[in-house]
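# Observations on the three-dimensional arrangement
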Amino acid sequence: MKELALKYGCNPNQKPSRIFMTDGELPIKVLSGRPGYINFLDALNSWQLVKELKAAIGLPAAASFKHVSPAGAAVGLPLTDTLKRIYFVNDTPIPLSPLACAYARARGADRMSSFGDFIALSDTCDEATALLIKPEVSDGVIAPDYTPEALAILKEKRKGTYNVLQINPAYTPEPLERKQVFGITFEQGRNDIRLDDPKLFENIPTANKHFTPEALRDLIIALITLKYTQSNSVCYVKDGQAIGIGAGQQSRIHCTRLAGNKADIWWLRQHPKVMNLPFVDGIRRADRDNTIDLYIGDESEDVSADGTWQQFFKTKPEPLTLQEKRQWIAQNHGVCLGSDAFFPFGDNIERAHKSGVDFIAQAGGSVRDDHVIATCDKYNIAMAFTGVRLFHH
């Protein structure tokens, strides 16, 4: 198949719409559903991300995409009991496979942003992973293959309309890529840089020059994630998964704050008060996620005020105070931070430190590099100048 007609483009008024190949066949098959223009944008960007993660880290990888940026990305490390609980995968009927662990991490890190996502899987989708996907609100999934059991589960989702795509893992695009803007064609070489090259982490201008193997792994995950995130972007990673992604901001400090706030929420979800919230029976998944987000944030009265809490909880929960939040967040350490370009000022490092960042990889090259380095030294943060910019538009 060289061409696939679509219902419409980015918006319903943008017709006609299609995806096509000028040479050769499309490397994808639609196994179920009727994917749209934005679905394919998410699918093809997210597939590249997980394919590169698998190649770089050597573990199954998964990504959760929304509006052409990742809401989450992860590799298939085993889940702790705490993570199983906050990702709501502690009662699965069959054991979690490595791929299922990767998906649980990618979807679970920022559940608010992942609502209605497009999923990418680096490996054959198995039954355990399909069972995790089944109850989630999602637009579709792309993978190199599906077991018969997994495909049967996914084809039943959304009354048979769930989008299931299969991609040829051997497909390699042409070295030049093109797109049109306002009738003008842009052409550039594909960004095929290898981000697991050890040389990227050799230029360490900070006093602390020690990167643990886990930190190097997580920094590689951060950089590969940023390669497919709308710029400007930064990415916080811990234990093999993105825990906060700040995408598409004009100001880098706003990226760092946005992603840092997401990382803080991920960590606060592990607070005993949050893990033991007394939800009413039968609460919908989306309502539960939104309630947790409000309870943790600055608008907790929206779910805890008299006359309101009864909609969500069996008993009125104790508030999570500002002091309790600060004390809990202060316990988070070993977080890695990647940036798609240089940090222009030390304020980014100050904000990153508040979310437990101990390791950083960024391009370097700011006229204020000295200030950025000094701020890292203030907190004993190890930072590498990669010399690589990762803008994505």
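Residues numbered from 1 in each chain as written. Predicted model: local features only at pLDDT ≥ 70, side-chain atom pairs only at ≥ 80, totals over all residues. Heavy atoms only, no water.

### Examining the overall build of the protein
Helices and strands together make up the secondary structure of the protein, namely 14 helices and 15 strands. The globule rule puts the C-alpha radius of gyration for 393 residues at 21 Å, and the 21 Å found for the protein is close to it. Expressed as a percentage of its 393 residues, the buried residues of the protein come to 51%. Of note, the protein has its 45 positive side-chain charges centred 3 Å away from the centre of its 46 negative side-chain charges. (Helix = DSSP H or I, 4+ residues; strand = E, 2+ residues; numbered from the N terminus. Rg over C-alpha atoms; globule rule 2.2 N^0.38 Å. Buried < 20%, exposed > 50% of the residue type's maximum accessible area, 1.4 Å probe, protein only. Lys, Arg positive; Asp, Glu negative; His and termini not counted. Charge placed at Lys NZ, Arg CZ, Asp CG, Glu CD.)

### Here we look at the nonpolar core
The biggest cluster of nonpolar side chains holds 68 residues, and the ones touching the most others in it are L121, V141, L154, Y236 and I360. At seven residues, the largest contribution of residues to this core is made by helix α3 (residues 98–108). In this structure V141 touches F118, I119, L121, I133, Y146, L154, Y162, N163, V164 and L165, once residues within four positions along its chain are discounted. Grouped together as the second largest cluster of nonpolar side chains are 48 residues, V50, A120, I224 and A361 included. (Core = buried A, V, L, I, M, F, W, Y, C linked by side-chain atoms within 4.5 Å. Contact = heavy atoms within 4.5 Å.)

### Considerations on the packing of aromatic side chains
Across all of its chains, the model carries five aromatic pairs by this definition. Consider the rings of F211 and F359, whose centres lie 5.9 Å apart with planes at 40°: the pair is tilted. Of this pair, F211 sits in the loop between β10 (184–189) and α7 (213–227) while F359 sits in strand β14 (residues 357–362), and the two are 148 residues apart along the sequence. One residue, K157, lies across the ring of Y162, its end atom 5.2 Å from the ring centre. (Phe/Tyr/Trp six-rings, centres within 6.5 Å; stacked < 30°, edge-to-face > 60°. Lys NZ or Arg CZ within 6 Å of the ring centre and 35° of its normal.)

### A short note on the pairing of β14
Of all six residues that make up β14, five are buried, and the element is covered over most of its length. In the sheet, strand β13 (residues 335–339) pairs with β14 via four bridges, with the strands oriented parallel. Note that in β14 the partner of G338 across the bridge is A361. Read as a crossover between parallel neighbours, the route from β13 over helix α13 (residues 347–354) to β14 is right-handed. Note that β14 and strand β15 (residues 382–385) share four bridges and pair parallel. (Pairing = 2+ DSSP bridges. Right-handed = clockwise from strand over helix to strand, strands pointing away.)

Don't take any of this as a statement about function, it's just geometry.
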